[in-house]
Amino acid sequence: MTTSTIPGKPRTTRAPSAPSAPATRPRRPQRQAVGVLLGPFTLLLFAVFLIPVLYAVKLSFFSESHTGLGFGNARTTFAGLRNYTAVLSDPSFVSGVGITLLYALVFIPLVLAGALALALLFDSGLVRARQLAQTVLFVPHAVPGIIATVIWLYLYTPGISPVLDLLGNADLTVNFLGLRMLIPSLVNIALWSGLGYTAVIFFAALRAIPRELIEAAQVDGAGPVRTALTIKVPMIRGTLSTVAIFTTIAALQLFTEPMLLSRATPLVGPRYTPNMYIFDAAFTRNNYGLASAASVLLLVLCCALSYVVTRGSARSARRVPDPRKARS
């Protein structure tokens, strides 16, 4: 603001203000790029997940009834929560959930700990021909699950298994399809297929760690084990959490292995796991309402356990300090 004195009349003039910055507006090309990139994912999400889930929820509230002593035409009627009550009161479904949880309790720690140990061993540089070793470990994952189960079923079956013949020559008797060994046999098939794949994921995450952090730890006198536990593992906890969630979901969807093993042992019935229960209800008993209710309950169980794993990982991440912040 300036003041000018004119004879007889002072006058005050205000300096022109700077032009205001234009309001920030989202750029149209950026919005179009986001839409193009997210469009296919959104369509697939609705097509293969949301719409089938909503349709299954709808079917779970209906059931089919027959008139004329069961010989008349089928009529779809609203059943309310009757299908859910029937599923939760069915001992075969409850025992199947218990078997699946026991399988997950054994399989998940083994595959995570084993894959992490292998990845740390590869990253340490102690393994010669590292790429060849990684390829050998990854090859079982490329084998389809049905073929892998058939291979192990051949090795588990008495009379034709060379492994059982060798154990018999050593006066050792092992029944891999017996009551006590059935869960370990299923875990072994899953470990053979998924251990190398998970180790490759962990190894890729380890290679992304800045090398200067590892070198600084070595300069401070940290050995290989201490470096792995205090630097490497905390730096890949995000990858550990993600793999743990997907492994939990895959373990709860156990189906292929016990379905094929049911051909060789009477201990595996048609409703041995929740997925087998759903398959039996839909395609053997033709009760789609019951199968849909069991599917929805299994989805809720997967979401609940995934939430527990996510919360547990978040709490452990808050307790463990970030090595980069600690050194800064």
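For the structure, check the block above.
Residues numbered from 1 in each chain as written. Predicted model: local features only at pLDDT ≥ 70, side-chain atom pairs only at ≥ 80, totals over all residues. Heavy atoms only, no water.

Novice: Just checking my understanding: could you explain the overall build of the protein chain for this structure?
Specialist: Helices and strands together make up the secondary structure of the protein chain, namely 14 helices and four strands. Scored against the burial criterion, the 328 residues of the protein chain give a buried share of 33%. Sequence separation of at least 24 residues holds for 63% of the intrachain contacts in the protein chain that already meet a minimum separation of 6. Accessible area of the protein chain: about 20,900 Å², with a carbon and sulfur share of 66%. (Helix = DSSP H or I, 4+ residues; strand = E, 2+ residues; numbered from the N terminus. Buried < 20%, exposed > 50% of the residue type's maximum accessible area, 1.4 Å probe, protein only. Contact = heavy atoms within 4.5 Å. Areas by Shrake-Rupley, 256 points an atom, 1.4 Å probe, with all protein chains shown as cover.)

Novice: I keep staring at the side chain of Thr-227 and nothing clicks. Help me out?
Specialist: Locating Thr-227 in the fold gives a position in helix H9 (residues 224-235). Reaching out from Thr-227, the side chain makes a polar contact with the backbone oxygen of Gly-223 at a distance of 2.7 Å. In this structure, Thr-227 is in contact with Ile-214, Ala-217, Ala-222 and Lys-232, ignoring residues within four places of it in sequence. (Polar contact = N/O pair within 3.5 Å; in protein donor to acceptor, adjacent residues only side chain to side chain.)

Novice: Looking at this structure, how should I read the packing of helix H4 (residues 130-142) against helix H7 (residues 182-207)?
Specialist: Any two packed helices are characterised by how steeply their axes cross, that is the angle between the axes, and by the distance between the axes. One way to put it is that H4 packs onto H7 with a least axis distance of 6 Å and a crossing angle of 135°. On the basis of the axis angle, H4 is oblique to H7. Every pair of crossing elements has a handedness; the one defined by H4 and H7 is left-handed. Contacts from Arg-130, Gln-134, Leu-137, Phe-138, Pro-140 and His-141 in H4 reach Trp-192, Ser-193, Gly-196, Tyr-197, Val-200, Phe-203 and Arg-207 in H7. Classifying every residue of the contact of H4 with H7 by side-chain character gives seven nonpolar, four polar and two charged. (Axes fitted to C-alpha atoms, helices over the stretch in contact; angles between N-to-C directions. Parallel < 35°, antiparallel > 145°, perpendicular 65-115°, else oblique. Left-handed = near helix turned anticlockwise from the far one by under 90°. Nonpolar A, V, L, I, M, F, W, Y, C, P; charged D, E, K, R; others polar.)

Novice: Would you take a moment to explain unusual backbone geometry for this structure?
Specialist: Excluding glycine, residues mostly have negative phi values, and the peptide bonds linking residues are mostly trans. In this structure, Asp-171 takes a positive phi of about 60° despite not being glycine. Structurally, Asp-171 can be placed in the loop between helix H6 (162-169) and H7. Here Asn-286, not a glycine, exhibits a phi torsion of approximately 55°, which is positive. Within the fold, Asn-286 resides in the loop between helix H12 (274-283) and helix H13 (288-319).

Novice: What should I look at first to understand the pattern of salt bridges in this one?
Specialist: Charged atoms that come close allow side chains of opposite charge to pair. Counted under the stated rule, the structure contains six salt bridges. Between Asp-90 and Arg-271 there is a salt bridge whose closest N-O contact spans 4.0 Å. Of this pair, Asp-90 sits in the loop between helix H2 (82-88) and helix H3 (91-124) while Arg-271 sits in the loop between helix H11 (256-261) and H12, and the two are 181 residues apart along the sequence. Classification of Asp-90 as buried rests on a relative accessible area of 14%. (Salt bridge = Lys/Arg side-chain N within 4 Å of Asp/Glu carboxyl O.)

Novice: When you look at the layout of surface pockets in this model, what are you seeing that I'm missing?
Specialist: Rolling a probe over the atoms, with the probe sized like a water molecule, indicates the empty space that remains. The space that makes up the largest pocket amounts to roughly 590 Å³. Along the wall of the largest pocket there are 24 residues; nearest its centre are Phe-107, His-141, Ala-190, Gly-194 and Ala-250. Of all the elements in the fold, those that place two or more residues in the lining of the largest pocket are H3, H7, helix H10 (237-252) and H11. The leading source of residues in the lining of the largest pocket is H7, at seven residues. Looking at side-chain class alone, the lining of the largest pocket contains 15 nonpolar, eight polar and one charged residues. Computed from the structure, the second largest pocket encloses a volume of approximately 380 Å³. Contributing to the lining of the second largest pocket are 17 residues, with Ala-56, Ile-278, Ser-295, Val-296 and Leu-299 lying nearest its centre. Listed by contribution, the elements that provide at least two residues to the lining of the second largest pocket are helix H1 (28-59), H12 and H13. (1 Å grid on protein atoms, 1.4 Å probe; cavity = no way out; pocket = protein on both sides within 12 Å on 5 of 7 lines; lining within 4 Å. Points joined across faces, edges and corners; volume = space filled by probe spheres on them.)

Novice: Even after reading the chapter, I still don't get the packing of aromatic side chains, so can you show me in this structure?
Specialist: We describe a pair of aromatic rings using the distance from one ring centre to the other and the angle between the two ring planes. This model, assessed by the stated rule, comprises 11 aromatic pairs. Ring centres 5.2 Å apart and planes at 65° place the aromatic pair Phe-93 and Tyr-277 in the edge-to-face group. One end of the pair, Phe-93, is in helix H3; the other, Tyr-277, is in helix H12, and 184 residues separate them in sequence. One aromatic cluster is present, built from ring pairs that chain together Trp-152, Tyr-156, Phe-176 and Trp-192. In this structure, Arg-285 is placed above the aromatic ring of Tyr-277, and the distance from its NZ or CZ to the ring centre is 5.3 Å. (Phe/Tyr/Trp six-rings, centres within 6.5 Å; stacked < 30°, edge-to-face > 60°. Lys NZ or Arg CZ within 6 Å of the ring centre and 35° of its normal.)

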